[in-house]
Amino acid sequence: MTAPFIRTSKTAEPCPSGRHSECSVAVATVAKSTATSRVAILLCTYHGQHYLAEQLDSFAAQTHENWEVWASDDGSEDDTHSILEDYKNRWDVGRLSIHFGPGEGFAANFLSLTCNASIDADFYAYSDQDDVWEADKLARAVQWLESVPADVPALYCSRTRLVDAENNGIGVSPLFTKAPGFANALMQNIGGGNTMVFNNAARELLREAGENKSVITHDWWAYMVVTGCGGRVFYDSKPTLRYRQHGDNLVGTNANWAARFKRIRMLFQGRFKHWNDCNIAALLTLEHRLTPESREILQRFARAPGYEPYSSPYPSQTQRYLPPNTAGQYWSGRCCYSRENLTHDYSCNRRSRLHRQ
């Protein structure tokens, strides 16, 4: 069987063509994982009673069995908390711990778990509350992450399989074909947070930046940080989870042209104003960690008509800062959200799950 391809921002072996952006790396077919690496599943919930149990059951079915769940609930008033308690009592001690989120929206909740010093593992997997993981999801991620030196920030992500509310297959997310990189990350997020798994080197960067970041989404932020700081990102073309489309979705998928035109119309209506300046402002707090190439890319990205200059700690840089009244754009290909919808969005939690080609 031919192994699915993975797109990577860095390759372990030299590319035959000498052009890394055109290289793909094959991941061997994963049977049952025997790896001892411990994975902390960072699960954020909010009014998730309808599909949470199925998500938790898919954790238990993982072929990579060394995992633990850290659940952070952001003030649910339905049966979410009781479902979590039921699984905590049902599973072995230490499999599931339950915490109270900051109550400031999904991005803040995920970042609070990411920066929680009491969570200690080899790798960390973001999880939404309403998907279903394929049995080899963690095994595939761990297999690649273990091949990366521990001191190199590394982030794994993948495509998704689309399913309806009853978990019946209805398609797959579009295949992202371009190699990951910082320049790309400034414009779009290629990997949904629900597919992301990352190592301790990547987590330390996110912790250094801190949890009190005004970022649009935690997954887009992770993609920018890892690529900007010289890390590696692998994009797996094999879907590793079942992404549920259901009646609570605020905005549907961007799998068709009608949805994409709607997203563009929202852009010109000003729905994405301030998004880029939020990202740039957050990246400036890690500017000392960015590679010289990434700093130059950030400089060119921010240098545009209407941008106001800011003082960089790097004298050679003549970077500019994006003011609040310029139109930002979140070119993800999953979904686009207005500012008022960025506070609590867990029942669908669909920031950017479909990937734009």
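These notes cover the structure that comes with them.

1. What about helix α4 (residues 137-145)?
Moving on, step 1. Counting buried residues along α4, eight of its nine residues qualify, which places the element largely inside the surrounding structure.
Moving on, step 2. Burial in α4 covers these residues: Lys137, Leu138, Ala139, Arg140, Ala141, Val142, Trp144 and Leu145.

2. Some remarks on the sheet that holds strand β9 (residues 161-163)
Moving on, step 1. Spatially, β7-β13-β9-β10 is the arrangement adopted by the four strands of the open sheet, whose pairing is mixed. On the outer flanks of this sheet lie β7 (132-133) and β10 (169-172), each paired with one strand and no other.
Moving on, step 2. The pairing of β7 with strand β13 (residues 241-244) spans two bridges and is antiparallel. Opposite Trp133, over in β13, you have Leu241 as the bridge partner.

3. Some details on the environment of Ala150
Moving on, step 1. For Ala150, the location among the structural elements is in the loop between α4 and β8 (154-158).
Moving on, step 2. The exposure class assigned to Ala150 is exposed, which follows from its relative accessible area of 69%.
Moving on, step 3. When sequence neighbours within four positions are dropped, the list of residues in contact with Ala150 reads Asn199 and Ala201.

4. What to know about the packing of aromatic side chains
Moving on, step 1. In the structure shown here, the tally under the stated rule is nine aromatic pairs.
Moving on, step 2. A cation over a ring is seen here: Arg90 above Tyr87, with NZ or CZ 4.2 Å from the ring centre.
Moving on, step 3. It is Lys137 that lies over the ring of Trp133; its NZ or CZ is 4.1 Å from the centre.

5. Some remarks on the environment of Asn189
Moving on, step 1. By the secondary structure assignment, Asn189 is in the loop between α5 (182-187) and β11 (197-199).
Moving on, step 2. Classification of Asn189 by relative accessible area gives buried; the value is 0%.
Moving on, step 3. Here the side chain of Asn189 touches Gly191 through a polar contact of 2.9 Å, landing on its backbone oxygen.

6. Digging into the nonpolar core
Moving on, step 1. One finds Leu42, Leu186, Phe198 and Trp221 to be the most contacted residues of the largest nonpolar core, which totals 47 residues.
Moving on, step 2. Looking at this core, the element that brings in the most residues is helix α7 (residues 218-228), giving seven residues.
Moving on, step 3. In this structure, Phe198 is in contact with Leu42, Thr114, Asp122, Phe123, Tyr124, Tyr126, Leu145, Ala154, Leu155, Arg203 and Leu206, ignoring residues within four places of it in sequence.
Moving on, step 4. Among the nonpolar cores identified, the runner-up in size contains 32 residues, and Leu52, Val148, Ala154 and Val197 belong to it.

Conventions we followed
Residue indices begin from 1 for each chain and proceed along its sequence in written order. Two thresholds apply to this predicted model, a pLDDT of at least 70 for residue-level local features and 80 or more for giving and counting side-chain atom pairs, whereas whole-chain, interface and lining totals are computed over all residues. The basis for every side-chain value is the complete set of non-hydrogen atoms in the structure, without hydrogens or water. Throughout this description, buried means an accessible area under 20% of the type-specific maximum (1.4 Å probe, protein chains only), exposed means over 50%, and partly exposed covers the range between. Every helix listed is a DSSP run of H or I at least four residues long, and every strand listed is a run of E at least two residues long, numbered separately from the N terminus. At least two DSSP bridges between two strands are required for those strands to pair. Residues count as neighbours in contact if any of their non-hydrogen atoms are within 4.5 Å of one another. Any two rings among Phe, Tyr and Trp, with Trp reduced to its six-membered ring, count as a pair given centres within 6.5 Å; such a pair is stacked if its planes are under 30 degrees apart, edge-to-face if over 60, and tilted if neither. Whether a charge sits over a ring comes down to the Lys NZ or Arg CZ being within 6 Å of the ring centre and within 35 degrees of the ring normal. What qualifies as a polar contact is a pair of N or O atoms within 3.5 Å, subject to a donor-acceptor requirement within protein and to the restriction that residues adjacent in sequence count only when both atoms come from side chains. To qualify as a nonpolar core, a set must consist of buried Ala, Val, Leu, Ile, Met, Phe, Trp, Tyr and Cys residues joined through side-chain atoms within 4.5 Å.

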